[in-house]
Amino acid sequence: EEEADDDDAEGSGVRVTPALLKATTGEFSLDSILLLRLRGRGIAHLGCLADCSNLEWLDLSGNSIAALTPLATLRCLAVLNLAQNRVASVAPLRGCRNLRQLNLAGNRLRSLRHLRYLQDLPHLESLRLRDPLGNLGNPLCASPAYRAALATMLPGLKAIDGQRVAGRGSELFRLCRELDAVLDGASGPAGPVAQPQPWVEAGFWEARPGGSSVVLEEATRQLGLALRECRELGRRADEVIGQARRGLGYRQQQQGNYGF
C-alpha cells in the first residue's frame with residue numbers, strides 16, 4: 001500500500017534520463033558511474049537511475065522525489081542523501097543491501113513504522129531524520145523519544161541525526177546530554193537526572209608535602225615564562241587594537257557616516 005502511495009505521489013518535474021546522467025558525469029556508460037550529485041535539480045522521477053548498477057555515492061537532496069522504486073536495484077550504494085524531498089516510504093531501500101549512511105531529513109515520514117524496512121540493511125550505521133542547521137525534519141521527529149525508539153529498532157546504528165549512539169564518541173554525547181539536562185533542570189522518565197559526581201577523589205588537586213624535585217622546579221619555571229609571554233602578547237594586542245580604533249574613529253570623522 002505504501003509503495004502504491006509513492007507511485008501515485010509522483011508529480012510533474014524533471015525526470016532522470018541517460019542524457020541527464022551523461023551530461024552531469026561525463027560518463028558514456030551508466031554502469032560506469034560511481035558518484036552522482038543531482039542536488040536541487042527539480043527532480044520528481046528517478047527514471048533510469050536503476051541502470052547505474054555500480055553507483056556507490058548518491059546525492060538527491062533538495063528535489064521533489066516521492067517514489068524511490070528505481071533505487072531498489074542499487075546493490076553497491078553505500079551513501080544516499082535524500083534530504084529535503086517528499087519521501088513518505090523507504091520500502092524500496094531494503095534492496096540497497098550495502099547502504100551505510102542515509103539522510104532523510106526534511107521528508108514526510110510520519111511514523112517509525114515507515115522505517116521498518118531499514119531493518120533489512122545489515123551495514124546501515126548512520127541515519128539522519130532531522131537537521132537543525134537546515135531546519136529540516138520529519139513529522140515523526142515531533143516525538144521527543146523517537147531517537148531512543150529508533151536506536152532500539154535499529155540496534156546496528158552508530159549515529160542518529162549526526163550524534164553518536166554507539167562506538168567511539170558515544171560516551172561523550174551521553175555525558176553532554178546529561179549535562180544539558182542538569183543545567184536545564186530537566187527530568188527524565190525515571191525522575192530527576194542525578195547530579196554529576198566528581199571525576200576525582202576529594203583532595204586530589206591539593207598540593208602534597210614532599211621533597212623538592214628538579215623536574216617540578218623546571219616545569220614551574222617554564223610555566224612562568226609562558227605566562228609572562230602571554231601577558232606581553234596580550235599587552236601588544238591591546239595596543240594594536242587601540243591604534244586601529246583611534247584610526248577608524250579619525251577616518252569616520254573626516255569622511256562622515258557611510259550610507260547604504
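From a predicted model like this one, the values you see are computed outputs, not experimental measurements.

1. As for the sheet that holds strand β6 (residues 101–103)
Ordered by their spatial adjacency, seven strands build an open sheet running β2-β4-β5-β6-β7-β8-β9, and the pairing between neighbours is mixed. If you trace the sheet from one side to the other, it starts and ends with β2 (35–37) and β9 (163–164), each paired once. Taken together, the two bridges between strand β7 (residues 126–128) and strand β8 (residues 159–160) define a ladder with parallel strand orientation. Residue pairing in the sheet places S126 in a bridge with A159 of β8.

2. What to know about the confidence of the model for the chain
Across the chain, the average pLDDT comes to 81, with 72% of residues at or above 70. Below a pLDDT of 50 lies the segment residues 3–8, which in the model reaches eight contacts outside its immediate sequence neighbourhood of four places, other chains included. Predicted confidence is poor over residues 256–260, with pLDDT under 50, and the contacts of this stretch with residues over four places away or in other chains come to zero contacts.

3. Overview of the environment of D51
Within the fold, D51 resides in the loop between β3 (43–45) and β4 (57–59). It is 8.6 Å that separates the C-alpha atoms of D51 and P70, two residues lying 19 residues apart in sequence. Dropping the residues within four chain positions of it, D51 is found in contact with L30 and D31.

4. Digging into helix α3 (residues 146–153)
Taken residue by residue, α3 has Y146, L150 and M153 as its buried positions. For α3, the angular spread of the buried residues around the axis is 65°, confining them to a single face. The outward face of α3, more than 90 degrees from its buried face, is lined by the exposed residues A148 and T152. Those residues of α3 that are buried are in contact with β7 and β8.

5. A few points about the side chain of N103
On the secondary structure map, N103 appears in strand β6. At 3.0 Å, the side chain of N103 and the backbone nitrogen of A105 are in polar contact.

6. Regarding unusual backbone geometry
Leaving glycine aside, a negative phi is the common case for residues, and trans is the common case for peptide bonds. The phi dihedral of Q84 is positive, around 60°, even though this residue is not glycine. Looking at the element boundaries, Q84 is found in the loop between β5 (79–81) and β6. Backbone geometry places D161, a non-glycine residue, at a positive phi of 55°. Within the element layout of this structure, D161 appears in the loop between β8 and β9.

What counts, and where the lines are drawn
Residues numbered from 1 in each chain as written. Predicted model: local features only at pLDDT ≥ 70, side-chain atom pairs only at ≥ 80, totals over all residues. Heavy atoms only, no water. Pairing = 2+ DSSP bridges. Helix = DSSP H or I, 4+ residues; strand = E, 2+ residues; numbered from the N terminus. pLDDT = per-residue confidence, 0-100. Contact = heavy atoms within 4.5 Å. Buried < 20%, exposed > 50% of the residue type's maximum accessible area, 1.4 Å probe, protein only. Arc of directions from axis to C-beta. Polar contact = N/O pair within 3.5 Å; in protein donor to acceptor, adjacent residues only side chain to side chain.

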